[in-house]
Amino acid sequence: MEKKGHLKRFQKIINTFVKHGFGQLIHESGIKELTRHLPHRVDHAEKDKIVISKAVRFRMVLEELGPTFIKFGQLLSTRADLLPPDYIKELQRLQDHVPSISFLKVKEIIERELKYPLDLLFDSIDETPLAAASIGQVHLATLPGGDKVVVKVQRPNIIKTIDLDLAIMDEIAFLIDRYTSIGKVYKFRNIVKEFNHIIHLELNFHQEGRNAERFKKNFEKESTVYIPEIYWSYSTQKILTLEYVDGIMLNNKDSLGKNSLSKRKIVENLSRAFLKQFFLDGIFHGDPHPGNIGVLPGEVIYFLDFGITGYLNEEQQQIFGKLMLGFLSKDLDEVMNGILNLGVISEETDQKELRWELERLQEKYFEVPLREINFGQVLYKLMEISFKQRIRLPADFTLLAKTFLTLEGLISDIEPNFSIAELIKPFGKELLRNRFSRKKITINFYKNFNKYLRLFEIFPDRITSILERGAEGNVKLKIEVVETNRILNRLNNMTNRVSFSIVLASIIVGLCLMLQFLEVVIFRRFPVAEIGLIL
């Protein structure tokens, strides 16, 4: 039964792609080989006339296929290093437009997960959800002690649906990697694997709660940022209960203007919060749309929904910081080194052309005032250049670029005369000071102390062993010349061709002599020489 459901879903996916004009892609990718085993015929007839772009049709395919594919499209919208700009722009329009589940179903899920009747768990709970998305929906409730909370409930059977779609995505990605040239470069199966990891983290509400606590710890000394408390006794992997924060969401511009809040101060505090996440914390909120961010009196920023978070290790933070500062200071070498150190270079990467593309990008912003630089667009341009040069960038960097772009759009909507670029230099300098501070050097030393200790322990024994072998004459020096075999094979082929040419020339000369001396009785009436020369 499960296999039948798998094939039925696979057929629906293939037919949806074909219906929207992607039959040729199915044909080229080798997916057609799998469709032969489907229980029903797959229609390969494309639309007679397709008047809308492929990018729009691709978005329509993902929307029609449902939550898993919408989420996958949202991930792809961050990958300007994989897709052309028109696809990126279209995929950014993908939204979760899903109907809410009934309150009876919500009640059933809460009671099953928390092991108590609903009326014992909460003094009250609103039956109308505050919001509904593809993975879960949110209800406002009051605890017995009077605390107002928000209860996030996972949709029933969503994990089973997503796992089925992920299995099919993996099969399709395998075929694209195997049969298409672009698949061999970009390894789409790895992208599906990355998506699998991300979406299962988002499905695990315990993980989201841990993310929220980590953010709370990172901002505990910051008076301009507030992170809600998590109620762990009311939370499971499918239920997340967190403190209700009574503020103004940033998507409510009318209320922002009526509450004597300084819009300039709001965007400054918001920018500093994100720059701290990017440059100092190494973990950042990956979904900063205005419905996930609010403001309290005093222009204090608070965050909601920590399901999508990005991570930068210490090395990536340093590279990103240098790349940003290099761009601001017009240091092309620093920018180029940043791109090459962040990404994985392919055989098709042309570093001269890469440098030329980066020069053109810098020229575009050469005389532009700092406050007019849109860094989100700069990062997307860098990813487009990487796409052209077949450089694969880490997924978290592409999520960072998307976050930066969304953040700048949000800031521009609230306060058009403010640019986050004005604050980047101070944070970049703080990053460098932090890297070379006495505290950081001490932490790194103790972190690597065991490695140094082990090295000192084995060093005398290794040196003694090498000296003893040298005295016995057992030390062998192995020198390997790179590409020796390829060079020898080419020389061998050249020698064979020269030898063949000599033999062929000899045969031709011999046949020419035969034309002059055909008095030999055996060949008098048979044109041996002429046939030989023609051959």
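Conventions adopted
Residues numbered from 1 in each chain as written. Predicted model: local features only at pLDDT ≥ 70, side-chain atom pairs only at ≥ 80, totals over all residues. Heavy atoms only, no water. Core = buried A, V, L, I, M, F, W, Y, C linked by side-chain atoms within 4.5 Å. Buried < 20%, exposed > 50% of the residue type's maximum accessible area, 1.4 Å probe, protein only. Helix = DSSP H or I, 4+ residues; strand = E, 2+ residues; numbered from the N terminus. Contact = heavy atoms within 4.5 Å. Phe/Tyr/Trp six-rings, centres within 6.5 Å; stacked < 30°, edge-to-face > 60°. Lys NZ or Arg CZ within 6 Å of the ring centre and 35° of its normal.

> Explain the nonpolar core to me, using residue names and the numbers behind them.
In this structure, Leu270, Phe303, Phe375 and Phe404 are the most contacted members of the largest nonpolar core, which totals 108 residues. Sorting elements by how many residues they give to this core places helix α19 (residues 395–414) first, with nine residues. Beyond its immediate sequence surroundings of up to four residues, leucine 270 is in contact with Leu250, Ile293, Ile301, Phe303, Leu407, Leu410 and Ile411. Listed in part, the 18 residues of the second largest apolar core include Val106, Leu118, Ala141 and Ile239.

> If you had to explain the packing of aromatic side chains to someone new, which residues and values would you point to?
A complete count under the given rule lists eleven aromatic pairs for this structure. Measuring from centroid to centroid gives 5.2 Å for phenylalanine 215 and phenylalanine 306, while their planes differ by 40°, and the two rings are tilted. Here phenylalanine 215, found in helix α12 (residues 205–218), pairs with phenylalanine 306, found in the loop between β10 (300–303) and β11 (309–311); they are 91 residues apart in sequence, far enough to count as distant. The exposure class assigned to phenylalanine 215 is buried, which follows from its relative accessible area of 1%. On the basis of relative accessibility, which here comes to 2%, the residue phenylalanine 306 falls in the buried class. For the ring pair phenylalanine 278 and phenylalanine 284, a centre distance of 5.4 Å and an interplane angle of 70° mean the geometry is edge-to-face. Taken as a pair, phenylalanine 278 and phenylalanine 284 share a single burial class, namely buried. Aromatic ring contacts, followed pair by pair, group Phe274, Phe278, Phe279, Phe284, Phe303, Phe320, Phe397 and Phe404 into a single cluster. The lysine or arginine in question, lysine 216, covers the ring of tyrosine 226, its NZ or CZ lying 4.6 Å from the ring centre.

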